[in-house]
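Letter by letter, the chains look like this.
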Number of protein chains: 2
Amino acid sequence: MKFKIKKLQLETGGKFIAIINKADAERLGVRALERVKISAGKNEIIAILDIASKLVKEGEIALCEEAYKELGVKTGEIANVFPVSKPKSVEYIRKRLHGAYLSYEEIREIVRDTVEKNLSEIELAAFLTALYIRKVSMEEAEHLTRAMIEVGKTLEFEKKLVVDKHSIGGIPGDKTSIVAVPIIAAAGLTIPKTSSRAITSPAGTADRMECLACVEFSAEEIVRIVNKVGACLVWGGALELAPADDIFIQIEFPLGIDPMLFPSILAKKRSVGAEYVVIDIPTGRGAKIKTMEEALDLASDFSELGRRLGMNIACAITYGEQPLGRCIGPILEAREALLAVQNNAPEDVIDKACSIAGLLFKEVGNGDKTLALRIIKSGKAEKKLREIIDAQGGNPKIKPEDLSPGAQKLDVVAERSGKVLWIDNRAIAALAKAAGAPRHKGAGILLYKKTGDRVRKGEKLFTIFAEKSSKLTAAQKLLEEETPFTIAKGYGTEMLLKSLRREREFILER
Amino acid sequence: MKFKIKKLQLETGGKFIAIINKADAERLGVRALERVKISAGKNEIIAILDIASKLVKEGEIALCEEAYKELGVKTGEIANVFPVSKPKSVEYIRKRLHGAYLSYEEIREIVRDTVEKNLSEIELAAFLTALYIRKVSMEEAEHLTRAMIEVGKTLEFEKKLVVDKHSIGGIPGDKTSIVAVPIIAAAGLTIPKTSSRAITSPAGTADRMECLACVEFSAEEIVRIVNKVGACLVWGGALELAPADDIFIQIEFPLGIDPMLFPSILAKKRSVGAEYVVIDIPTGRGAKIKTMEEALDLASDFSELGRRLGMNIACAITYGEQPLGRCIGPILEAREALLAVQNNAPEDVIDKACSIAGLLFKEVGNGDKTLALRIIKSGKAEKKLREIIDAQGGNPKIKPEDLSPGAQKLDVVAERSGKVLWIDNRAIAALAKAAGAPRHKGAGILLYKKTGDRVRKGEKLFTIFAEKSSKLTAAQKLLEEETPFTIAKGYGTEMLLKSLRREREFILER
């Protein structure tokens, strides 16, 4: 059937949506959410159909911005529209719903149709829910990873020994990448580190790094940067490395499920050519992974999946019961990272970065943690970080004191004397977010006390920084509901720590 | 935050969608698919947010048609917008994903939020997928049914003995309701029969009945009709009886799953006050339910759920291996139903209607199948059907010959002599749909032979009717791929019947 094209004031975030009149839908024999092929000129697309009773006239087809652009048409042009059956991948999704495992070819088809926008949100939600409930087998995880790599870009660098690191996240203030990457690159390894922005946290590595340099580059630019200085610290979001994952996340996030954890991470790493990868698994109360047993399970699955993909995976189970270092929030964390490569930061920040770098050195048979520490002390790590900053268009001469947090601040003091038994990661992250992080780069928290420290009543525990007073007020208000610090006489002397019940929170930062 | 309202050329089918600019979304601290409360004047709504980078300017909020209408605003008016947290029901959906059964209060909340459009397609798809994979317990089915009734309208009639019948569907040509309802009403019982239109079949009862009278009425009009003549045969789609179900179906259909079968059916029946219900379960090869064992399981679940809800359920397991009667398609079926109440239709049509009516008579302790047959033979069933037609604004004097199928026709003849071993329900339905049914009411199929009949080569098997020649051509083309009749020397003499493998089809007609 022929339709006159009309442009719709609607962006869908990538999906192709077309709307026709109810009467035309009946003529065409299609229902809402079914698929139509739309061809105009030399181009054609598959779009998901919506049906309007008044707003689109008979004989018209309204296209969302994305479909309009892809089709390369003008309003008023004529398009040929006909119903198409569901893609094969819908059948495979149904198969998975019924309990069958899928073959590589079937999974690749689903991943390809995901990226090509041929699957609806309903179909994707059903697929991910089924994977979550029925569990992803190791073989399926391998298929998923390979398919996500295949249906995406890959990067190649001049030097062949490519390594990478990744944290499964969840720890406020974790600026390890910005410290570890220059150490690793200074040792002569190639580390093209791509990171995400914060999803549920007050800062992602891309948000932190953005305080020191640009982080948004094309794939070609990244290759140039890495070939030049051996490393990068960039945002991976627009690179189309394993792009299916970015779409899956959109669906997983509102559901609070993450069945694709392993494939997502390893597909992104494999897409940049990494052969040796350290996965950081912060563990403990207040972290994503609560117990050593859980962490060991996770590590063994990562290693096995890596083995199947021809990658060498080392897992680092790290202490995750409190924020890392003393700074939370983009600018404060960038400052602390810069201090760390100058060997002038809290011990935990330096120790964690050197441990991760050391594990990678061991993997490639070239040193250990001691080497990492030596690289910091020699100034080579700082030099390399400044090279990276320079290559990414930042100011290579930046000093820690150039990085100032927001001017609005609030000191929080201890209500009693005693020992800090516990710092609540979730509460600290929530306060930093209430103060404006990550959008307001100067918003955040500076901690003066860490777990195990003694405090006197009235002594400062932390300062909340904000760029806007309204945000500081919001953080102050939230403070009334939260208990970021638990102070008591000592361990196991006052037994009731808190009488609140809180739902376990879902943290989606891969 | 304050926004200027703009109307969007978009109907969403009920959901409230609002779109703001990316910069505003960051200011407001919200992401796509999160919820915002929008208030203007005295009204407020919760909408799901979409984010645009160009098409909506900063300071503007674009509302879909439905949200705009519900809010009762004009373009350019000012709305107050602020983020709201996810509804509680999302937490319950997650709980179900994790395997926990839900309480009545939790399920009611999900059902209420479904009807009030507070849940996204992603959340609903995850919920229904979880119910499908994890299975609905009997207790949960009871909760779901009660909740669907509570969150919807109910009808009340003057006469108290309200009965009903329902078929789980799947058999082409099944016009039983139009024959059984007048029999039942003629016996003095009250039967407010609501039906659906076809979803995947060539005709639903509402499509058939529409050839005889109007079928779209308000709840008040239906009460008036039923109080007057003791019965109705109307479309139930717009009555808001258990309206959650209509939304669930939108999600289930593209996924080919139906976890809500029992609650859906019984909620609709209980909402019209039915105390005695016969459920027809057509069984056999080519039906939805293939074996007697499956049918018995289904029947026992229906009875148990009915018992919990204080309803008396009788199940009728009926022969479902071929179309019912000789007519398929709205007009042809309406004609055959009219002939049936005149005791002038194929035996299977009359037998099935009388069996169903007889089971209901037995349930209420007032006769059996013999009574049903007597009611037909006495002319009382025909008189009652004409009263219903009259009350629903049709022509009460309509004659069978007034109901003519489409003028385009194609005779299909036997390619060999032998015995009809098998008529393929799916193929017959597909041919009728290709010919234009249910939208073209005159499209359909008239069968001259049924299973077990002897045919000679060249003898007519059936005629395909269409209103348009293009549709007849489409049906003719489909005929090349289909094998609606299987003819052989006799049972078990030629062993290979068909060498095709076909995917099992999903039929969603409740």
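Residues numbered from 1 in each chain as written. Chains lettered and ligands numbered in written order. Predicted model: local features only at pLDDT ≥ 70, side-chain atom pairs only at ≥ 80, totals over all residues. Heavy atoms only, no water.

Regarding the pairing of strand 7 (residues 163-167) of chain B
All names here are of chain B. Quick note on the threshold: To sort residues, take the accessible area from a 1.4 Å probe on protein chains only and compare it with the maximum for the residue type: under 20% means buried, over 50% means exposed, and anything in between is partly exposed. Helix and strand labels come from DSSP, where a helix needs a run of H or I of at least four residues and a strand needs a run of E of at least two; each type is numbered from the N terminus. The pairing criterion is simple: DSSP has to find at least two bridges between the two strands.
Counting buried residues in strand 7 gives five out of five residues, a clear majority hidden from the surface. Burial of the side chains of strand 7 extends over both faces: V163, K165 and S167 are buried on one face and D164 and H166 on the other. As paired strands, strand 7 and strand 10 (residues 276-283) are joined by five bridges and run parallel to one another. The residue of strand 10 that forms the bridge with S167 is D280.

Re helix 3 (residues 88-97) of chain B
Residues separated by three or four positions in an α-helix point in the same direction, a consequence of the helix having 3.6 residues per turn. Our working rule: This arc is built from the directions going out from the helix axis to the C-beta atoms. Contacts were defined at the residue level, with two residues in contact if any of their heavy atoms lie within 4.5 Å.
Those residues of helix 3 of chain B not exposed but buried are S89, V90, Y92, I93, R96 and L97 of chain B. Each buried residue of helix 3 of chain B lies within a common arc of 160° when the element is viewed along its axis, so the set occupies one face. The secondary structure elements touched by the buried residues of helix 3 of chain B are helix 5 (121-134) and helix 10 (243-255) of chain A together with strand 3 (35-40), helix 4 (104-115), helix 5 (121-134) and helix 6 (138-150) of chain B. Of the residues trailing helix 3 of chain B, G99 of chain B is marked for its positive phi of about 110°.

Remarks on the interface of chain A and chain B
Rules: Buried area adds together the accessible area that both of two parts lose upon being put together, with accessible area traced by a 1.4 Å probe. Here, a salt bridge means any side-chain nitrogen of Lys or Arg that lies within 4 Å of a carboxyl oxygen of Asp or Glu. Nitrogen and oxygen atoms within 3.5 Å of one another constitute a polar contact, given that in protein one can donate a hydrogen and the other can accept it, and given that sequence-neighbouring residues count only through two side-chain atoms. Following the grouping adopted for this structure description, the nonpolar residues are Ala, Val, Leu, Ile, Met, Phe, Trp, Tyr, Cys and Pro, the charged ones are Asp, Glu, Lys and Arg, and the polar ones are all others, Gly among them.
Counting from both sides, the interface comprises 44 residues of chain A and, opposite them, 44 residues of chain B. For the pairing of chain A and chain B, the buried interface totals around 4300 Å² over both sides, and the portion due to carbon and sulfur atoms is 57%. It is Q9, E11 and I122 of chain A in chain A that bury the most area against chain B; as a group they hold 16% of the surface buried on that side. Taken together, chain A and chain B are joined by zero salt bridges. There are eight residue pairs in polar contact (both at pLDDT 80 or more) connecting chain A and chain B. Among the elements of the structure, helix 1 (22-28), strand 4 (43-52), helix 3 (88-97), helix 5 and helix 10 of chain A are those that each provide at least two residues to the side of chain A that touches chain B. Counting residues per element, the side of chain A that touches chain B draws most heavily on helix 5 of chain A, which supplies ten residues. For the side of chain A that touches chain B, the per-class residue count stands at 21 nonpolar, six polar and 17 charged.

Remarks on the sheet that holds strand 10 (residues 276-283) of chain A
All names here are of chain A. Heads up, the condition is: What counts as an axis is a line fitted to C-alpha atoms, over the stretch in contact for a helix, and the angles between N-to-C directions run from 0 to 180 degrees.
Strands sit in the order 7-10-11 across an open sheet of three strands; the sheet is parallel. With one partner strand each, in any of the chains shown, strand 7 (163-167) and strand 11 (312-319) form the two edges of the open sheet. Recorded for the sheet is a direction-independent mean angle of 20° between the axes of neighbouring strands. Pairing between strand 10 and strand 11: eight bridges, direction parallel. By the bridge assignment for strand 11, P282 is matched with T318. On the sheet, helix 11 (residues 261-271) packs against strand 7, strand 10 and strand 11 and is oriented at approximately 155° with respect to strand 7. Set on the sheet, helix 12 (residues 292-308) makes contact with strand 10 and strand 11; between it and strand 11 the angle comes to about 165°.

Notes on the domain arrangement of chain A
What counts is decided by this rule: Residue ranges assigned to each domain were obtained from an automatic or database domain assignment.
You can read the domains of chain A as domain 1 (2-84), domain 2 (88-135), domain 3 (163-235 + 263-400) and domain 4 (408-488). For domain 1 of chain A and domain 4 of chain A, the distance between their C-alpha centres works out to 52 Å.

Concerning the sheet that holds strand 14 (residues 418-423) of chain A
Residue and element names in this part refer to chain A. In spatial order, the strands read 16-14-18; together these three strands make up an open sheet with antiparallel pairing. One side of each edge strand has no neighbouring strand; the edge strands of this open sheet are strand 16 (454-455) and strand 18 (485-488). Looking at chain direction, strand 14 and strand 16 are connected through two bridges and run antiparallel. Within strand 16, the residue paired with K419 across the bridge is R454.

Some details on the pattern of salt bridges
Residue and element names in this part refer to chain A. Summed over all chains, the structure comprises 76 salt bridges over all chains. Where E321 meets R285, a salt bridge forms, and the shortest distance between an N and an O atom there is 3.0 Å. Remark: R285 occurs in the loop between strand 10 and helix 12 and E321 occurs in the loop between strand 11 and strand 12 (327-328); sequence separation between them is 36 residues. One network of salt bridges, in which partners are shared, links E142, R146, E304, R307 and R308.

Here's the deal with a negative patch on the surface
Basically, it comes down to this: The patches reported here contain residues having more than 30% relative accessible area and no salt bridge. Joining distances are 9 Å for like charges and 5 Å for nonpolar side chains (Val, Leu, Ile, Met, Phe, Trp, Tyr). The method behind every accessible area is Shrake-Rupley, applied with a 1.4 Å probe, and residues are considered shielded solely by the protein chains displayed. Charge assignment in this entry is limited to Lys and Arg as positive and Asp and Glu as negative, and neither His nor the chain termini are counted. Lys charges are placed at NZ, Arg charges at CZ, Asp charges at CG and Glu charges at CD.
Residues E293, E294, D297 and D301 of chain A make up a contiguous surface patch of negative charge. For D301 of chain A, the position within the fold is in helix 12.

Concerning the relation of the copies chain A and chain B
Just so we agree on the cut-off: Least squares is the method used to superpose the copies, on C-alpha atoms of residues holding a pLDDT of at least 70 in both.
Least-squares fitting of chain A to chain B yields an RMSD of 0.1 Å, with the transformation described by 0.0 Å of translation along the axis and a rotation of 180°. Such values leave the two copies arranged in the relation of a two-fold axis. Interface overlap between copies is the fraction of interface residues in one copy that are interface residues in the other; for chain A against chain B it reaches 100%, indicating a shared surface.

Some details on helix 18 (residues 469-479) of chain B
All names here are of chain B. Every buried residue of helix 18 is accounted for by L472, A475, L478 and L479. For helix 18, the angular spread of the buried residues around the axis is 120°, confining them to a single face. Contacts made by the buried residues of helix 18 are with strand 13 (408-413), helix 17 (425-434) and strand 17 (460-466).

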